[in-house]
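# Notes for the structure review
Spelled out, the chains give:
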Amino acid sequence: MDLLNVFLEEAREHLNALEESLLVLEQSPSDASEINTAFRAMHTIKGSAGMVGLDHVSYFTHHVETLFDQVRKGIIRLDHASISLLLDAKDHVESLIFKESSNEMMAISEQLIHRLQDIAPTEHAVTPEAEIPPSQLDEGEGYWRITIAPDENAFVDGFDCMPVLRELQSLGDSALTVGWREQPQQESFDPLKCNLVFLLLLSADVSKDSIHDAFMFVQDDWQIDIDRLSFNESDKLGDILQDIGAIDKAKIEAIQNSKPKLGELLSESGLVSEKTVDQALQQQAFIRKEKEKTTPSQPTIKVPSNKLDRLMDLVSELVIVHSAISQVSLVNDIEALDTASEELGRLTAELRDTTFSVRMLPIGSTFGRFRRLVRDLSRELGKQVQLETYGADTELDKVVLERLGDPLVHILRNSLDHGIEMADVRQAAGKSSQGTIKLEATYESGSVKITVSDDGGGLHADKILAKAIERGVVSAEDNLSVHEIQNLIFEPGFSTAAKVSDVSGRGVGMDVVKTSIEALQGQVTIDSVQGKGTAIAITLPMTLAIIEGLLVRIGIEYYVIPLNTVQECIEEQTTESMLHQSTRVINCRGDYITCINLRQLFHVKQDMPKLQQTIICRAQEQQFGLSVDEIVGQRQTVIKNLSPLYRHTTGLLGATILGDGNVALILDINDLYDSCQLSDSYENMPAETPPC
Amino acid sequence: MSKKTVVAPKELTVANAKQSKEDWLAQLSEHQHLRLDLSEMEEIDTCGAQLLWFFHQCIIAPKTVSFFGLTEHAKRALAIIGMQDLPLEK
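Please read these numbers as outputs of a predicted model, since none were measured by experiment.

Scoring rules and cut-offs
The residue numbering used here restarts from 1 in each chain and proceeds along that chain's sequence as written. All chains are assigned letters beginning with A, and all ligands numbers beginning with 1, in the order in which they are written. For a predicted model such as this one, the threshold for reporting local features is a pLDDT of at least 70, and the threshold for listing and counting side-chain atom pairs is 80 or more; totals across whole chains, interfaces and linings nevertheless cover every residue. The side-chain quantities take in all heavy atoms of the structure and omit both hydrogens and water. Only DSSP runs of H or I covering at least 4 residues are called helices, and only runs of E covering at least 2 are called strands; the numbering of each starts at the N terminus. Burial here depends on accessible area, computed with a 1.4 Å probe over protein chains only, as a share of the maximum for the residue type. Under 20% is buried, over 50% is exposed, and the range in between is partly exposed. Contact criterion: two residues are considered in contact whenever any of their non-hydrogen atoms come within 4.5 Å of each other. Residue exposure ignores everything except the shown protein chains as possible cover, and the areas themselves are Shrake-Rupley values with a 1.4 Å probe. Two strands are counted as paired when DSSP detects at least two bridges linking them. Note on method: axes are straight lines fitted to C-alpha atoms, helices fitted across the in-contact stretch only, with angles between N-to-C directions ranging 0 to 180 degrees. UniProt positions are given in the numbering used here, feature names are shortened, and annotations may be inferred rather than shown by experiment. Helix span is expected to be 1.5 Å times the residue number reduced by one. The arc refers to the directions leading from the helix axis to the C-beta atoms. By convention, a stacked pair of Phe, Tyr or Trp rings (six-membered ring in the case of Trp) has centres within 6.5 Å and planes under 30 degrees apart, an edge-to-face pair has planes over 60 apart, and any other such pair is tilted. Only lysine NZ and arginine CZ atoms are considered, and such an atom sits over a ring when it is within 6 Å of the ring centre and within 35 degrees of the ring normal. In this description, buried area is defined as the sum, over both parts, of the accessible area (probe of 1.4 Å) that is lost when the two are combined. The salt bridge criterion pairs a side-chain nitrogen of Lys or Arg with a carboxyl oxygen of Asp or Glu, the two atoms within 4 Å. Counting of polar contacts relies on pairs of N or O atoms within 3.5 Å, with two restrictions inside protein: one atom must be capable of donating a hydrogen and the other of accepting it, and residues adjacent in sequence are counted only when both atoms are side-chain atoms. Like-charged residues within 9 Å of one another, or nonpolar side chains (Val, Leu, Ile, Met, Phe, Trp, Tyr) within 5 Å, are grouped into patches, provided each residue has over 30% relative accessible area and no salt bridge. Counted as positive: Lys and Arg. Counted as negative: Asp and Glu, with His and the chain ends omitted from the count. Lysine's charge is taken at NZ, arginine's at CZ, aspartate's at CG and glutamate's at CD. Orientation labels follow simple angle bins: below 35 degrees gives roughly parallel, above 145 gives roughly antiparallel, 65 to 115 gives roughly perpendicular, and whatever is left gives oblique. Note: crossing handedness is left-handed where the near helix turns anticlockwise from the far helix by less than a right angle, and right-handed where it turns clockwise. Residues are grouped as follows: Ala, Val, Leu, Ile, Met, Phe, Trp, Tyr, Cys and Pro are nonpolar; Asp, Glu, Lys and Arg are charged; all remaining types, including Gly, are polar. Note on terminology: a nonpolar core comprises buried Ala, Val, Leu, Ile, Met, Phe, Trp, Tyr and Cys residues joined through side-chain atoms within 4.5 Å. To get the bend at any residue, fit one axis to the seven residues that end at it and another to the seven that begin at it, then take the angle between the two axes.

## With respect to the overall build of chain B
Scanning chain B from N- to C-terminus turns up 3 helices and 5 strands. Along chain B, helices and strands appear, N-terminal first, in the series β-β-α-β-β-α-β-α. Considering chain B as a whole, with its 90 residues, one finds that 51% of them fall into the buried category. Of the contacts formed within chain B by residues at least 6 apart in sequence, a portion of 75% connects residues at least 24 apart.

## Describing the overall build of chain A
Along the backbone of chain A there are 21 helices and 21 strands. Going through the 692 residues of chain A one by one, you find that 45% of them count as buried. Within chain A, residue pairs in contact and separated by at least 24 positions form 71% of the contacts whose partners lie at least 6 positions apart. Carbon together with sulfur atoms contributes 50% to the accessible area of chain A, which is approximately 35400 Å² in total.

## A word on the sheet that holds strand β17 (residues 611-619) of chain A
Residues and elements named next belong to chain A. The strand order β14-β17-β18-β16-β15 describes an open sheet built from 5 strands, whose pairing is mixed. In this open sheet, the two strands that pair with only one neighbour each are β14 (566-573) and β15 (583-588). Each strand axis lies, on average, 35° off the axis of its neighbour in the sheet, ignoring direction. Pairing analysis gives 6 bridges linking β15 to strand β16 (residues 591-597), with the strands arranged antiparallel. Residue I586 lies in a different strand from β16, and its bridge partner there is I593.

## Re the UniProt feature "modified residue: Phosphohistidine" (unreviewed entry) in chain A
Residues annotated in UniProt with the feature "modified residue: Phosphohistidine" (unreviewed entry) correspond here to H43(A). In this structure, H43(A) sits in helix α2 (residues 32-51).

## Thoughts on helix α1 (residues 17-30) of chain B
Residues and elements named next belong to chain B. Helix length check: α1 (14 residues) gives 20 Å between terminal C-alpha atoms against 20 Å at 1.5 Å per residue, within 8%. When α1 is considered as a whole, its buried residues turn out to be A17, S20, K21, W24, L25 and L28. Buried residues of α1, seen end-on, are gathered within an arc of 125° and therefore sit on one face of the element. Exposed residues lying more than 90 degrees from the buried face of α1 are S29 and E30.

## Quick look at unusual backbone geometry
Looking along the chain, the bond that leaves A61(B) and enters P62(B) is cis, with omega of 10°. Among the secondary structure elements, P62(B) is positioned in the loop between α2 (46-57) and β5 (64-68). Positive phi is not limited to glycine here, since D333(A) has a value of about 50°. In this structure, D333(A) sits in the loop between α12 (305-332) and α13 (335-359).

## Notes on the packing of aromatic side chains
Applying the stated rule across the entire model yields 6 aromatic pairs over all chains. Ring geometry for W24(B) versus F55(B): centroids 5.3 Å apart, planes at 75°, classification edge-to-face. Of the two residues, W24(B) sits in helix α1 while F55(B) sits in helix α2, which places them 31 residues apart along the sequence. On the basis of relative accessible area, W24(B) is assigned to the buried category, the value being 2%. Taken together, the ring pairs connect W180(A), F189(A), W24(B), F54(B) and F55(B) into an aromatic cluster. When the ring centre of F98(A) is taken as reference, the NZ or CZ atom of R12(A) above it lies at 4.1 Å. The lysine or arginine in question, R35(B), covers the ring of F68(B), its NZ or CZ lying 4.3 Å from the ring centre.

## So, the interface of chain A and chain B
Quite often, the size of an interface is put as the accessible area lost when its parts meet. Contacts between the two partners involve 25 residues from chain A and, on the opposite side, 24 residues from chain B. Around 2100 Å² of area is buried between chain A and chain B when both sides are counted, 66% of it from carbon and sulfur atoms. Its largest share of buried area at the contact with chain B, chain A owes to M162(A), W180(A) and Q186(A), together 33% of the area lost on that side. One can count 0 salt bridges joining chain A with chain B. Linking chain A with chain B are 11 residue pairs in polar contact (both at pLDDT 80 or more), by the criterion used here. Looking at the side of chain A that touches chain B, the elements that each hand over two or more residues are α6 (162-169), β2 (173-180) and β3 (196-205) of chain A.

## Section: a negative patch on the surface
Residues E11(B), E40(B), E42(B) and E43(B) make up a contiguous surface patch of negative charge. Note that E43(B) resides in strand β4 (residues 43-44).

## Examining the packing of helix α4 (residues 80-98) of chain A against helix α5 (residues 103-119) of chain A
All names here are of chain A. Contact geometry for α4 and α5: axes closest at 11 Å, N-to-C directions at 150°. When the axis of α4 is compared with that of α5, the two are roughly antiparallel. Crossing hand, α4 versus α5: left-handed. Residue-level contacts link S82, L85, L86, D88, A89, H92, S95 and L96 of α4 to M105, I108, S109, L112, R115, L116 and I119 of α5. When grouped by side-chain class, the residues that make up the contact of α4 with α5 number 9 nonpolar, 4 polar and 2 charged.

## Side note on the sheet that holds strand β10 (residues 523-529) of chain A
All names here are of chain A. The 5 strands lie next to each other as β6-β8-β9-β11-β10, forming an open sheet whose pairing is mixed. Strands with a single pairing partner mark the edges of an open sheet, and in this sheet they are β6 (385-390) and β10. The sheet shows a mean angle of 15° between the axes of neighbouring strands, direction not considered. Across 6 bridges, the pairing between β6 and strand β8 (residues 435-444) is parallel. Looking at β8, one finds that Y390 is bridged to E440. Running at roughly 170° to β6, helix α14 (residues 367-381) makes contact with β6 and β8 of the sheet.

## Considerations on the nonpolar core
Most often, soluble globular proteins have nonpolar side chains that are buried together. Formed by 59 residues in total, the largest nonpolar core has its most connected members in I146(A), F215(A), W24(B), L52(B) and F55(B). The leading source of residues in this core is α2(B), at 7 residues. In contact with I146(A), other than residues within four places in its own chain, are L168(A), F198(A), L199(A), L200(A), L202(A), I211(A), F215(A), D225(A) and I226(A). Residues L404(A), A468(A), I526(A) and I538(A) belong to the second largest nonpolar core, which totals 42 residues.

## Quick word on helix α15 (residues 398-419) of chain A
Residue and element names in this part refer to chain A. In this model, α15 (22 residues) spans 30 Å end to end at C-alpha, consistent with the 32 Å of a helix rising 1.5 Å per residue. Bending of α15 peaks at approximately 35° at the position of L404, with proline P407 no more than four residues after it. For α15, a buried count of 16 out of 22 residues is recorded, marking the element as mostly surrounded by other parts of the structure.

## Regarding the side chain of Q486(A)
All names here are of chain A. Looking at where Q486 falls in the secondary structure, it is placed in helix α18 (residues 482-487). Residue class for Q486 comes out buried when judged on its relative accessible area of 5%. The residues contacting Q486, other than those within four sequence positions of it, are L459, I526, D527 and S528.

## Focus on the pattern of salt bridges
Residue and element names in this part refer to chain A. Summed over all chains, the structure comprises 29 salt bridges over all chains. A salt bridge links R371 to E20, with the nearest nitrogen and oxygen atoms 3.0 Å apart. Here R371 is found in helix α14, whereas its partner E20 is found in helix α1 (residues 3-27), with 351 residues between them in sequence. For R371, a relative accessible area of 23% translates into the label partly exposed. You can call E20 partly exposed: its relative accessible area is 24%.

Right, dumping it as C-alpha cells:
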C-alpha cells in the first residue's frame, strides 16, 4: 500500500473515532478522555494530510484542532451548538479527503472556519505540534483508590450516597465495592444510620481536585481518602495489603512460605479481616484489568481484504481435501494413513478457526454510524430519541458485517420515523417524552442475533390489514392472526406511512431488509405490541464461507440442510399417497406441519424406500418439514457458488464437494419455505395423515 | 419450612426504612423463610438499599431471606452503590 492509501485508511478510522467521541461529548461535555481522543484524531489527520500533500485538509483541520485544544485547556466548554458545528466540520473533512475538491468545497471550508473562529478565536491557536510534550496529551491520566465512609447521620441529614457515587463513576472506568463499617446485629441495627463504607477504584484522566469536587457538599462530614495508584502499581495481593496498611511485609513473607492462596491464609490466620482481603482482591482484579487495557497492543499490520478472502478460499479447499483423505483412510484401513489423516484434520480445524477469527470484526465498529444517524434524524423529525447499544464486542464475519449496514439503517429509520412518537403524543400516552431505540447484538445458538427495539407506538394491525387488502396482498376473507398481519410489512411495496417522507415511507424498506438478510442466510422476525413498541430481530450466521450442515440423501443424490435451521428428525412409513404429493401436512405432536417432498421437487427418479425421514426445520418463525430417504449425518460444509445456470433454481443456496468427490447441493431453507407457502397443494391434505 | 412472601413498598427510602425493617423482622420471627417481592418498588435510596443489604447479609441462620422481582430501575440504583450482586431467586 502506498502512503496515500495508508493515509486514507487511517483517516477513515480517525474520523470514525472523532464522530464517536463527539456523540459521547454531546452527553458528557467534560469527558477528558473523549476530548483527548477527538484532539488526537484531528491532530493526526492534520499532520498526515500535510505529509501526503493534502494541504487544504491540513489547513482546515488546523482550525478544528485549535478548537479542541481550547476545550482541552478548559478555555471553552462544549455545548450542543458547538458539537453540531464540529460534526459538520468532521463531515467536511471527510468530503475534503474522499471527494474531488471544488471551489464550492473551499467556500464551505471558509464558512466553517469562520464559525469555528467565533467559538475559538485564533489568539488561542494550538501549540505547534513540535512543542506539545507527549505527556501533555495524557495529563491527569491515572488510577485512583477512593475510600468513602459517609457520616452516620447522612441519611437523616438528607444526603444520599447515590448522586456522589454516580458522579464519581461518570469520571471514567470504575469498580465499586460496598462493605459495613461495623457488622450490624440483627436486633440492634438502625436502618437510619449509614453504616456503609465504599471502595471505588477509578481509572480516569482527572486530577485529585476533580474527584474532590464530587464531595463538595459532604466533605466536612464524610471520611474520604483519595489515593493515586501509580501506573506500575503492583497487582500482587500482598503488595496491595501492605500498601493500604493492613499488614507489614515480614508477616506476609512468613505466611507465604506455605502454598495455599495468600488471601485465604491471611484471612484464616486472623491477621487481616476477610472484608479487607475481599477489598484488596477487588483492587487486584481492577489493576489487572486496567493493566491489560493499557498494555501496549501487539504490533499490527494492514492487509488488503482480498488477500484474506483468498486465504479463506484456500482453507475451504483444504477442508474439502481433508474430507477426501479421511474417506480414503476409511476405505483402506492403513494405520499410518489414519494417523496422518487425523493430524491433518486437527491442523485443518485449527487453521480454519484462526482464519475465521482474522476475518471477524466486532459489530460495535458500525454502532458509531448508527448513533450519528439517530442523532441527526431525530433532530430532523423534531423527536427526542436516544439510542442505546449493547453487545458491541459481538463479532461477525467482515462480509456479513459489511452487508448488514444498509438493512440496519432501514430498520432504524423506520423506528425513528414511524415507531417513536412525537414528545407530546408520548406524554399523552403516559410515556417519557424521550423515546428509546435499543440496538443489541448477542450470540445465540451458533448464530448472531441483532435486535432493534423501540418503545414507540408499535404496529397498527388494523391499518396494515386495510392497506394489504387495498393492495390485493391479502383478501378480506383471509383469517390472519395479528402476527401474520405484522409480517405483511415485509411484503414488497408495502407501506402504511400516512405521507411519504425523506426518511421512509416509500414502501421499499422492509421487503428490502428481508431480502438482504435472507441473502445472508439469515432470518428476520418482528414482534410488536400496539402502544408499547416494536422489536425486529435479525438472526445471522457468523460466517458465510463454511457452515455446519446435515447431509441427507434422496435416491442417489446428496443434499445439505444448514444445521442451524434443523429442529428434529422424524421417521415415517412410506405410504402410497406420499409418492404423488409435492407437499402434505403431517401431525407432529398435535401441530400440523407442512412438509415438502424433495423427491418430487427435484424430480428424483429412483424408488422411495419403505421408511421416509422427515426433517423439521424452522424458517421465518414457522416449522415445516422436508422429506428425504436417508439422514447421512452432520458435516462441515464449504459453500461453493452455483453456476449462473442454477442460480435461480428454487430452494438452492449453493453446492459443496463431499469427501468422495461427489457434489451435494445445499438447500436454502427460507426459499423452500416461501415456495411451500406459494403452493396450495397442501390444502388438499389427506385427512388420514398419521400422527408422528 | 414456613415461608412468607412480603411485597416491598413502592418507595423504600429513609422515610419508611425503619418501619419496613420492623415489619420484615416481625414476619421473620414467625416464619423460617422470608421472600421479599421487589416488583412494585419504584424508588429506592441508599438508606433503602442498605436495608436490603442488611437482610441479605446479616440475618442469622436458620432464618433466611430471598429476593425476587427487582425492577430494572431499582437494579440500576443498586448498581450505582455497588450492590449489583444482590442475589435474586431464579
